[in-house]
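The chain contents come next:
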Amino acid sequence: MQLDLNLLAALDALLEEGSVAGAADRLHVTAPAMSRSLGRIRRTTGDQILVRTGRTMTPTPYAIAVREQVHELLQQVQGVLAPSRELDLTTLERTFTLRWHDSLVALSGPALLAAVRKQAPGVRLRFIAESSIDTPELRRGEVDLEANANRPTAPDIRADRVAESHYVIVVRRGHPLTRVKAVTAARYAAAEHITISRRGRFGSGFDDALARLGLTRRVVATAPTEGAAFEFVRGSDLVITAPESTTRSAAADLGLALLPLPIELPSASVYLSWHQRYDTDPAHVWLRDLARTALAPRGDPHGMDKS
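It should be emphasised that the depicted structure is a prediction, and the values quoted were computed from it without experimental measurement. (Residues numbered from 1 in each chain as written. Predicted model: local features only at pLDDT ≥ 70, side-chain atom pairs only at ≥ 80, totals over all residues. Heavy atoms only, no water.)

Draft legend 1. The arrangement of the nonpolar core in detail. Counting residues in each nonpolar core, the largest one holds 26 residues, and the members touching the most others are Trp 100, Leu 112 and Trp 286. Of all the secondary-structure elements, those providing two or more residues to this core are strand E3 (94-100), helix H5 (102-119), strand E4 (123-128), strand E5 (145-148), strand E6 (157-165), strand E12 (268-275) and helix H11 (282-295). Here the element with the most residues in this core is H11; it accounts for 7 residues. Of all hydrophobic cores here, the second largest spans 20 residues; its members include Leu 15, Ala 23, Ala 63 and Val 66. (Core = buried A, V, L, I, M, F, W, Y, C linked by side-chain atoms within 4.5 Å. Buried < 20%, exposed > 50% of the residue type's maximum accessible area, 1.4 Å probe, protein only. Helix = DSSP H or I, 4+ residues; strand = E, 2+ residues; numbered from the N terminus.)

As structure tokens, then:
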């Protein structure tokens, strides 16, 4: 059986108005058109729905029994086909999954959670670690928002560049590089390095920049997160190269020093990414706005332009 949802709206109007003319006015159709709809409803249900009693029409027992159900069904259909754009944060209950770079969780996660809790106490945030391999969780709907240095290339993944930062050298206080007048590219290359890579990669764009100067560096270890790398640096003469914005706070807490990077490199960008299915989802739009603010460089509450 193929059902015409227009008949549901017509039946609801007929039961509410109790007449063909009244139902026609309510739905802004002609009386003959509504009369034809009533005929189709009668054939579909096998019931007269409305019967004439003198000058008025009276609903049948079946019509009376299904009146509330019909009205509720119509509201449900309308809610599915034309969802409300209104968002009541005070009653919103939803869990969002965020796959963010660990340094961004530490730097901006607390601010985001505080803003979420203040506006929508029924919302929970699930921060999960980045994987060592590329994963399709955004496309599958298992992750709501990603935040890292990678700009996605898939056409169905949206991305905003929300922050950028220059790179710095991170060393322990008292490190030999802190005692020189200037950190040159040659001195930087001569130090022993630890890289931060969730995939365990020893090389990066820093090596390409050094190669253009005829220099090479020695990478003795990799660490999956900045936090882990800092622990190696605290008690040794190892050197880390990382974005200044994500390392500043942690370095100060751990008693580490930040030095300028003596080679030319593009700034480190932060991209906020999501699947296009959430473009107009009110709750997701709300969370994205809060995330942009939390991830924005301090002093720039509106973040950066979309790229």
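Draft legend 2. How the structure looks around the side chain of His 275. For His 275, the location among the structural elements is in strand E12. Within the local environment of His 275, its side chain forms a polar contact with the side chain of Asp 156, the two groups lying 3.1 Å apart. (Polar contact = N/O pair within 3.5 Å; in protein donor to acceptor, adjacent residues only side chain to side chain.)

Draft legend 3. Main features of the sheet that holds E12. Strand order across the open sheet formed by 5 strands is E4-E3-E5-E12-E6, with mixed pairing between neighbours. Here the strands that pair on one side only, and so sit at the sheet edges, are E4 and E6. Direction aside, neighbouring strands of the sheet carry axes that sit 20° apart on average. Of the strand pairs in this sheet, E3 and E4 are connected by 6 bridges, and their pairing is parallel. By the bridge assignment for E4, Thr 95 is matched with Arg 124. Set on the sheet, H5 makes contact with E3, E4, E5 and E12; between it and E4 the angle comes to about 175°. (Pairing = 2+ DSSP bridges. Axes fitted to C-alpha atoms, helices over the stretch in contact; angles between N-to-C directions. Contact = heavy atoms within 4.5 Å.)

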